Amino acid sequence: MKIDGVGESFGALVRAARENRQWTQADLAKRLAELLGKDVNPLVITRIESGKRPVPLAEVAALAQLLNLSLDPLINPTRLRGSADELRQRAVEIRAEIDEGHQQEAQLTASLASVNQQLLRARARKDELERELQAIEQAARVRPSSAEELSIFRRSVGLNEDGTLPGQSEGDG
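Residues numbered from 1 in each chain as written. Predicted model: local features only at pLDDT ≥ 70, side-chain atom pairs only at ≥ 80, totals over all residues. Heavy atoms only, no water.

## Here we look at the overall build of the protein
Basically, it comes down to this: For the purposes of this entry, the term helix denotes a DSSP run of H or I that reaches at least four residues, the term strand denotes a run of E that reaches at least two, and both are numbered from the N terminus. Using a 1.4 Å probe on the protein chains alone, a residue whose accessible area is under 20% of its type maximum counts as buried, one over 50% counts as exposed, and one in between counts as partly exposed. Note on contacts: a residue pair is in contact if any heavy atoms of the two residues lie within 4.5 Å.
When helices and strands are tallied, the protein shows seven helices and zero strands. Scanning the protein from its N terminus toward the C terminus, one meets helices and strands in the order α-α-α-α-α-α-α. With 173 residues in all, the protein has 17% of them scored as buried. Restricting to contacts in the protein with at least 6 residues of sequence separation, those with at least 24 account for 51%.

## Here we look at helix α2 (residues 25–36)
Basically, it comes down to this: Here the expected length of a helix is defined as 1.5 Å per residue gap, with one fewer gap than residues. Picture the helix axis, draw a direction to every C-beta atom, and the arc is the one those directions span.
Taking 1.5 Å as the rise per residue, α2 with 12 residues should run 16 Å; its terminal C-alpha atoms sit 16 Å apart, in good agreement. If you check which residues of α2 are buried, you get Leu 28, Ala 29, Leu 32 and Ala 33. All buried residues of α2 project into a common sector of 135° when viewed along the axis, lining one side. Exposed side of α2, more than 90 degrees from the buried face: Lys 30 and Glu 34 are the residues found there. With its phi angle positive at about 70°, Gly 37 sits one or two positions after the end of α2.

## Thoughts on a nonpolar patch on the surface
For clarity, the cut-off: For patch detection, residues must exceed 30% relative accessible area and be free of salt bridges, and they are connected within 9 Å for like charges or within 5 Å for nonpolar side chains (Val, Leu, Ile, Met, Phe, Trp, Tyr). Accessible surface area values rest on a Shrake-Rupley calculation with a 1.4 Å probe, where residue burial reflects the displayed protein chains alone. In the sections that follow, a salt bridge refers to a side-chain nitrogen of Lys or Arg positioned within 4 Å of a carboxyl oxygen of Asp or Glu.
Together, Leu 150, Phe 153 and Val 157 line one region of the surface with nonpolar side chains, adding up to about 280 Å² of accessible area. Considering the arrangement of structural elements, one finds Leu 150 in helix α7 (residues 146–156). When its relative accessible area of 40% is taken as the criterion, Leu 150 is described as partly exposed.

## Brief notes about the side chain of Arg 53
The condition that has to hold: Polar contact is the term for a pair of N or O atoms within 3.5 Å; when the atoms are in protein, one must be able to donate a hydrogen and the other to accept it, and sequence-neighboring residues count only if both atoms are side-chain atoms.
Looking at the element boundaries, Arg 53 is found in the loop between α3 (42–49) and α4 (57–66). Residue classification places Arg 53 among the buried residues on the basis of a relative accessible area of 19%. Engagement of the side chain of Arg 53 in a polar contact is seen with the side chain of Glu 59, the distance being 2.7 Å.

## Details of the packing of α2 against α3
Going by this rule: Lines are fitted to the C-alpha atoms to define the axes, a helix being fitted only along its stretch in contact, and any angle between axes, read from their N-to-C directions, falls within 0 to 180 degrees. Roughly parallel refers to an angle under 35 degrees, roughly antiparallel to one over 145, roughly perpendicular to one between 65 and 115, and oblique to any angle outside these ranges. For this classification, Asp, Glu, Lys and Arg are treated as charged, while Ala, Val, Leu, Ile, Met, Phe, Trp, Tyr, Cys and Pro are nonpolar and the rest, including Gly, are polar.
Closest axis-to-axis distance for the α2/α3 pair is 8 Å, and the angle between their directions is 105°. For the element pair α2 / α3, the angle class is roughly perpendicular. Taken together, the residues of α3 that come into contact with α2 (itself represented by Gln 25, Ala 26, Leu 28, Ala 29 and Leu 32) are Pro 42, Ile 45, Thr 46 and Glu 49. Along the lines of polarity and charge, the residues of the contact of α2 with α3 split into six nonpolar, two polar and one charged.

Next up, the structure:
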């Protein structure tokens, strides 16, 4: 049995808000169950959205909280007033605003994609630099410094640390 237009309007608002969040009915049922502390079958959401199930006030409040909706429009749907011509004009205005919203969304989505690409490139460069730094630091730990290399070389060819032959001073050269 269907309930009056308030239930149908409420259900339509719940469905639109759920779909805007890209939640399935099962997702919403799970979240609602967690908030209410009781099991909620996804079929309950189906029946709410179709206006076929009366919704207790606690569930209305929980749905409003989950979907970030104001309670007033949920329980007091907008009553349309005006002549048919006025309503048609308002519909044209709303469609234009919706189209503008779609265009903004497309632009922002494109900007987001560009920023994501830049972020990926920056992360890849950072990772590349970190690998290079790690290799350099590892090589520096393994390889003696040039002063150490010079000292080892001098000893291997029998020179003093100052580069002179044993028994010879620097000034004798």
